[in-house]
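Structural overview for review
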Amino acid sequence: MNCPNCGATLPDGARFCYSCGRPLGGGAAGGMPAPPPPPPPPPTSAPSGGGAATAPVNCPNCGAPLKPLFGEMVITCEYCGASVTLGGSGWKEINKHTLLLPKVTTPDQALATVQRFLDQGFFHRKDFEESEVVEQKLSFVPFWIVPTAATTSFTYTDVAVSVGSTVATVAAAELLGSALGGGRRGGFIPIPMMMGSPVNSTRQDSISGQYEFPVVAVKSMSEYQPKDYKFRLEDRTFFDQKAIPKGSPVLNGDLGEDAAQHAARAFVMQLQSEAAHKKHSMVSQVNTQVEVSESELLHVPVWYYVLNRKGVKTAVLIDSHAGEVIRTVG
């Protein structure tokens, strides 16, 4: 359908024009455009309990009404696709809202993706063959992409130096025992001795890392939080409501940007610590400094599968853009 005022192409059933803001279907009379939408009011508190709606909020881009449920902090307008978040100054438009386009678009393709990842640590082929698919759906899940820079300094024990020092000490004790006992026939047992100044095997090192860390913006999906999975961010485009397949829900989020940045810091600190332990053994005194930049909201097409095998359920999340398994929980 097209807007009768400005001619913009609109999704079927749209009640507001995302271009000029005019209400559709009984909107302003006489062909006159509607006045520009007022700035979004600050949110009002809602009664406690899941599902309760807050006071109406207008989309800052097209003026359409947004109806966030209680607890939601990241809302995507169903008319124009703009997103707003609850910040310290109330509802504000997210500066960068992006999208990964789905490539795995059918349930059969998604199931084939699961099959390709069998026997790779999360699901054995025999278990899969004995399982029944009890749930499958494609949704667009919001992730905060948090640019993060981290520097980690740490100390570690240089095993080669430590072992070399011990070997030299034992060898010196053997030599001294031979000289005093006339060889080993006398039953002399060498005792390690420190010869000269002890060798300090403690060393210092540092590593740096740059991340665009994804934090899932839906708290109920936190168990599926990627640890080291990387979305193909080079393929992302700006969010376009028309690119969403019909019938695929675009999820709102209940995790704000500040909380996402705090979570990204914690996850990156863990990754840096693991990298330090991988580089050296016997690591201690790990200190990581993390800096984060302004985040963007990325909607990722995700297939959610639940497989039931003899009463035991395994949930699988599939990146519909890359055709790869993100996480499994079972």
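The numbering scheme is per chain: residues are counted from 1 as the chain's sequence reads. For a predicted model such as this one, the threshold for reporting local features is a pLDDT of at least 70, and the threshold for listing and counting side-chain atom pairs is 80 or more; totals across whole chains, interfaces and linings nevertheless cover every residue. The basis for the side-chain values is all heavy atoms of the structure; hydrogens and waters are excluded.

In this section: the pattern of salt bridges. One side-chain nitrogen of Lys or Arg within 4 Å of one carboxyl oxygen of Asp or Glu is enough to make a salt bridge. This model, assessed by the stated rule, comprises ten salt bridges. For R309, the salt bridge goes to E130, with nearest N and O atoms at 2.9 Å. Linking R309 in strand β11 (residues 296-309) with E130 in the loop between α2 (125-129) and β7 (132-157), this pair joins segments that are 179 residues apart in sequence. With its nearest N and O atoms 3.4 Å apart, the salt bridge here joins D240 to K242. Buried means the residue's accessible area, taken with a 1.4 Å probe over protein chains only, is under 20% of the maximum for its type, while exposed means over 50%, and partly exposed covers the values in between. On the basis of relative accessibility, which here comes to 30%, the residue D240 falls in the partly exposed class. When salt bridges that share partners are traced, they join K96, E212, R236 and E296 into one network. To qualify as a helix, a DSSP run of H or I must reach at least 4 residues; to qualify as a strand, a run of E must reach at least 2; elements of each kind are numbered from the N terminus.

Moving on, we get to the sheet that holds strand β4 (residues 83-87). Whether two strands pair depends on DSSP finding at least two bridges between them. Taken together, the three strands give an open sheet; going across it, the order is β3-β4-β5, and neighbouring strands pair in antiparallel fashion. Here the strands that pair on one side only, and so sit at the sheet edges, are β3 (74-76) and β5 (90-93). If you compare each strand with its neighbour and ignore which way they point, the axes differ by 25° on average. As paired elements, β4 and β5 share four bridges and run antiparallel to each other. Across the sheet, L86 pairs through a bridge with W91, a residue of β5. Each axis is a line fitted through C-alpha atoms, and for a helix only the stretch in contact is used; angles between axes span 0 to 180 degrees, taken between their N-to-C directions.

Quick look at helix α1 (residues 107-116) now. When we look at burial in α1, the residues that qualify are A110, T113 and V114. The buried residues of α1 occupy an angular sector of 100° when the element is viewed end-on, so they sit on one face. Seen from the buried face of α1, the exposed residues on the opposite side, beyond 90 degrees, are D108 and R116. Considering only its buried residues, α1 is in contact with α2, β11, β12 (312-319) and β13 (324-329). Regarding the arc, it is the one traced by the directions from the helix axis to the C-beta atoms. Any pair of residues with heavy atoms lying within 4.5 Å of one another is described as a contacting pair.

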